[in-house]
Amino acid sequence: MRPNKSVIVCGGGVVGLSCAYYLSREGYRVTVIERHAEGADSCAQGSAGYISPSHVIPLSAPGMIVQGLKWMMNSRSPFYVKPRLDGDLMRWGWLFARACTKDHTRRAAPVLRDLCLGGRKLFLELAEVTGDAFELKKEGLLNLCKTPAALDHYAHGLAALANEVGVEARVLDAQQTAALEPGVRMDVAGSVYFPIDAHITPRKFMPALTNLLKEMGVTFKWNTSVYGWQSGGGRVTAVATTAGEISADEFVLAGGSWSPAMVAGLDLRLPMQPGKGYSLTIEQPRFKLEKSVIFAERRVAVTPMGAQLRFGGTMELSGHSENVRPERIEQIIDSARFYFPDFTPQDFAGIKPWFGYRPVSPDGLPYIGRFGRHANLTAACGHAMLGLTMAPITGLLVAEILTGRKPSVDLSMLRPDRYA
Ligand SMILES: Cc1cc2nc3c(=O)[nH]c(=O)nc-3n(C[C@H](O)[C@H](O)[C@H](O)COP(=O)(O)OP(=O)(O)OC[C@H]3O[C@@H](n4cnc5c(N)ncnc54)[C@H](O)[C@@H]3O)c2cc1C
């Protein structure tokens, strides 16, 4: 039976739109509240576009604390924390450090696999529904290693774990790697190849999904900010917005890195940091890539999107600061030459850097599920580096939760109250 119920989705990023899609398909009357105008930028738009089951290791992995401290000594490294006295950041850091264990990685890997494989399957379906409006490519991903030491490290770490949990990973030498990507000259020791990975053009996906939602009858309240809540009796009754108070039967929190601020009045604990990342998009690249690529040591992502080529990377914990740090951009440009020797800084001349804020939870897992304190409020946030990949499966899971069906992924590690 179709539920005659209303749902408000707070936040119109890729996760919010995906929740709206699967809820609307179930027959819910859905309203999306988004503080920006239709078509405005959001974190997915400038992302690397990976649909990436290869990412089975959470950000909070063993060795990350030592690696992070080393990176912080180097202004051109992939990681930066702006030094400041900030209680939330310090608490987040402590929780992050606690999660950097082998045990956590082992338990998280199958959950990440299920979320990412589920996301990939649903992207394939969405490509069919939209007539491939967002250029889905099932070409796989090459994790390029510059040095034999890195190749060995990735072969015994990421590739071994991925194969163990059922995500195929092939370790290739330099020649085999070059044969898979003949359009660009590489200077690498080899790679780990993940045939299952895919990529899309996110700037085409967001409008395609918005249009689909409009056709399905979803209501949008653009240019409308959530700033408070009405609640009582263990439920949320209404959300306070700049367009007035709006009541509904169910509420979904999909505010990305702003989610904790969105629920500030509800006495919930949702540790999260905005993990700022940058991307640079070359409109007419001189070299052609088919697959998405990661520069393993530099943690830079490279994705062909139609005629364009996008380079993205860095994780900067500096709050929601809009300051563009030139050394972060130079790090990305330097990396291009390091792995693809024919690239020059000229290839990036005149490109305006884009930045966005990944919603980063301390344990590298998203928050998906109902809050204990407010029975009709469901979290769909905290997806960090995998929010695009996991957006559709998150939407499906939220629809399963609201309709009371068995979730298609085990949600026990994703409870939004896990730090309460
Ligand atoms: C450089 C970079 C590369 C990336 N590459 C990939 C990749 O290749 N693959 C992948 O899977 N992921 C990738 N990611 C991560 C991915 O982009 C994010 O995880 C994802 O976009 C988060 O989506 P979201 O909807 O949760 O958040 P957001 O996109 O931030 O959406 C939240 C929305 O809520 C709105 N909002 C906030 N506060 C309010 C309020 N008070 N009232 C109303 N609306 C509000 C915001 O305006 C925003 O539109 C990348 C990220 C970066 C930065």
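Below, the structure is looked at part by part.

To continue, consider the overall build of the protein. Assigned secondary structure in the protein consists of 10 helices and 20 strands. Projecting the C-alpha coordinates of the protein onto the three principal axes gives extents of approximately 60 × 45 × 45 Å. A burial count over the protein gives 58% of its 420 residues as buried. The long-range share in the protein, meaning contacts at least 24 apart out of those at least 6 apart in sequence, stands at 76%. Looking at the protein as shown, the accessible area adds up to about 17,300 Å², and 52% of this sits on carbon and sulfur atoms. A gap of 3 Å separates the mean positions of the 46 positive and 39 negative side-chain charges of the protein.

Time to look at the packing of aromatic side chains. Inspection of every chain in the model, using the stated rule, returns 19 aromatic pairs. Between Phe295 and Phe340 the ring centres are 5.1 Å apart and the planes differ by 85 degrees, which places this aromatic pair in the edge-to-face class. Here Phe340 lies in the loop between α9 (326-339) and β18 (354-360) and Phe295 lies in strand β15 (residues 292-295), a separation of 45 residues in the sequence. Each member of the pair, Phe295 as well as Phe340, carries the same accessibility label: buried. With centroids separated by 5.0 Å and ring planes inclined at 75 degrees, the aromatic side chains of Phe311 and Phe348 adopt a geometry described as edge-to-face. Within this pair, whereas Phe311 is found in strand β17 (residues 308-317), its partner Phe348 is found in the loop between α9 and β18, the two being separated by 37 residues in sequence. Across the pair, exposure class does not vary: Phe311 and Phe348 are buried alike. Positioned above the aromatic ring of Trp258 is the side chain of Arg35, whose terminal nitrogen or guanidinium carbon lies 4.3 Å from the ring centre.

Opposite charge on two side chains makes pairing possible when the charged atoms of those side chains draw close. Evaluated as defined, the whole model comprises 20 salt bridges. A salt bridge links Arg203 to Asp41, with the shortest nitrogen-to-oxygen separation between them at 3.7 Å. In this pair, Arg203 sits in helix α7 (residues 202-216) while Asp41 sits in the loop between β2 (29-33) and β3 (50-51), placing the two residues 162 residues apart along the sequence. Using a relative accessible area of 38% as the deciding quantity, one classes Arg203 as partly exposed. When its relative accessible area of 38% is taken as the criterion, Asp41 is described as partly exposed. Arg113 is paired through a salt bridge with Asp114; the nearest N and O atoms lie 2.9 Å apart.

Turning to the pairing of strand β5 (residues 141-145), a few remarks are in order. Most of β5 sits out of view: 5 of its 5 residues are buried. Judged by which residues are buried, β5 turns out to be covered on both faces: Leu141, Asn143 and Cys145 on one side and Leu142 and Leu144 on the other are all buried. Strand direction decides the pairing type here: β5 and strand β7 (residues 190-194), joined by 5 bridges, are antiparallel. Bridge pairing in β7 places Leu142 opposite Tyr193. Judged from the 4 bridges that link them, β5 and β15 form a sheet pairing that is parallel. Residue pairing in the sheet places Leu141 in a bridge with Ser292 of β15.

The next point concerns the pairing of β18. Across the 7 residues that make up β18, a large majority, 6, are buried. Here 7 bridges tie strand β14 (residues 273-282) to β18, and the two strands are oriented antiparallel to one another. Paired with Pro274 across the strands is Pro359, a residue of β18.

By volume, the second largest pocket is sized at about 410 Å³. Looking at the second largest pocket, it is lined by 20 residues, and the ones nearest its centre are Asp88, Pro260, Leu270, Pro271 and Met272. Listed by contribution, the elements that provide at least two residues to the lining of the second largest pocket are α3 (87-99), α8 (259-262) and β14. No other element matches α3, which puts 3 residues into the lining of the second largest pocket. Considering only residue class, the lining of the second largest pocket consists of 11 nonpolar, 4 polar and 5 charged.

Before going further, it helps to examine helix α5 (residues 148-164). When the terminal C-alpha atoms of α5 are compared, their 22 Å separation across 17 residues agrees well with the 24 Å that a helix rising 1.5 Å per residue should span. The largest bend along α5 reaches roughly 35 degrees and is located at Tyr154. Of the positions making up α5, those classed as buried are Ala150, Leu151, Tyr154, Leu158, Ala159, Leu161 and Ala162. Among the structural elements, α4 (102-129), β5, β6 (170-173) and β7 are those in contact with the buried residues of α5. Gly166, located one to two residues past α5, shows a positive phi value of around 95 degrees.

Backbone hydrogen bonds hold the strands of a sheet together, and the pairing may be parallel or antiparallel. Here we have 3 strands laid out as an open sheet, ordered β10-β11-β12, and antiparallel in their pairing. Strands with a single pairing partner mark the edges of an open sheet, and in this sheet they are β10 (226-232) and β12 (244-247). Neighbour-to-neighbour, the strand axes of the sheet open up by a mean angle of 30 degrees, direction not taken into account. Direction of pairing for strand β11 (residues 235-241) relative to β12: antiparallel, over a ladder of 4 bridges. Bridged to Thr241 within β12 is Gly244.

Glu34, Tyr50, Val226, Ala384 and Thr389 are the nearest of the 36 residues found near the ligand. Separating an oxygen atom of the ligand from a backbone N or O atom of Cys43 is a distance of 3.1 Å. Between the ligand and the protein, one listed contact pairs an oxygen atom with a backbone N or O atom of Leu388 at 3.0 Å. With the chains in place, 96% of the 1,000 Å² that the ligand exposes on its own is no longer accessible. Put simply, the parts of the chain that give the shell around the ligand at least two residues each are α1 (14-25), β14, β18 and α10 (387-403). For the shell around the ligand, the leading source of residues is β18, giving 4 residues. Its residues placed into classes, the shell around the ligand shows 18 nonpolar, 15 polar and 3 charged. Mapping the shell around the ligand onto the domain boundaries places at least three of its residues in each of domain 1 (6-44 + 204-271 + 363-414) and domain 2 (55-101 + 134-198 + 273-360).

Procedures and definitions
Residues numbered from 1 in each chain as written. Predicted model: local features only at pLDDT ≥ 70, side-chain atom pairs only at ≥ 80, totals over all residues. Heavy atoms only, no water. Helix = DSSP H or I, 4+ residues; strand = E, 2+ residues; numbered from the N terminus. Buried < 20%, exposed > 50% of the residue type's maximum accessible area, 1.4 Å probe, protein only. Contact = heavy atoms within 4.5 Å. Areas by Shrake-Rupley, 256 points an atom, 1.4 Å probe, with all protein chains shown as cover. Lys, Arg positive; Asp, Glu negative; His and termini not counted. Charge placed at Lys NZ, Arg CZ, Asp CG, Glu CD. Phe/Tyr/Trp six-rings, centres within 6.5 Å; stacked < 30°, edge-to-face > 60°. Lys NZ or Arg CZ within 6 Å of the ring centre and 35° of its normal. Salt bridge = Lys/Arg side-chain N within 4 Å of Asp/Glu carboxyl O. Pairing = 2+ DSSP bridges. 1 Å grid on protein atoms, 1.4 Å probe; cavity = no way out; pocket = protein on both sides within 12 Å on 5 of 7 lines; lining within 4 Å. Points joined across faces, edges and corners; volume = space filled by probe spheres on them. Nonpolar A, V, L, I, M, F, W, Y, C, P; charged D, E, K, R; others polar. Expected span 1.5 Å × (residues − 1). Bend = angle between axes of the 7 residues up to and from the residue. Axes fitted to C-alpha atoms, helices over the stretch in contact; angles between N-to-C directions. Near = heavy atom within 4 Å. Polar contact = N/O pair within 3.5 Å; in protein donor to acceptor, adjacent residues only side chain to side chain. Domains from an automatic or database assignment.

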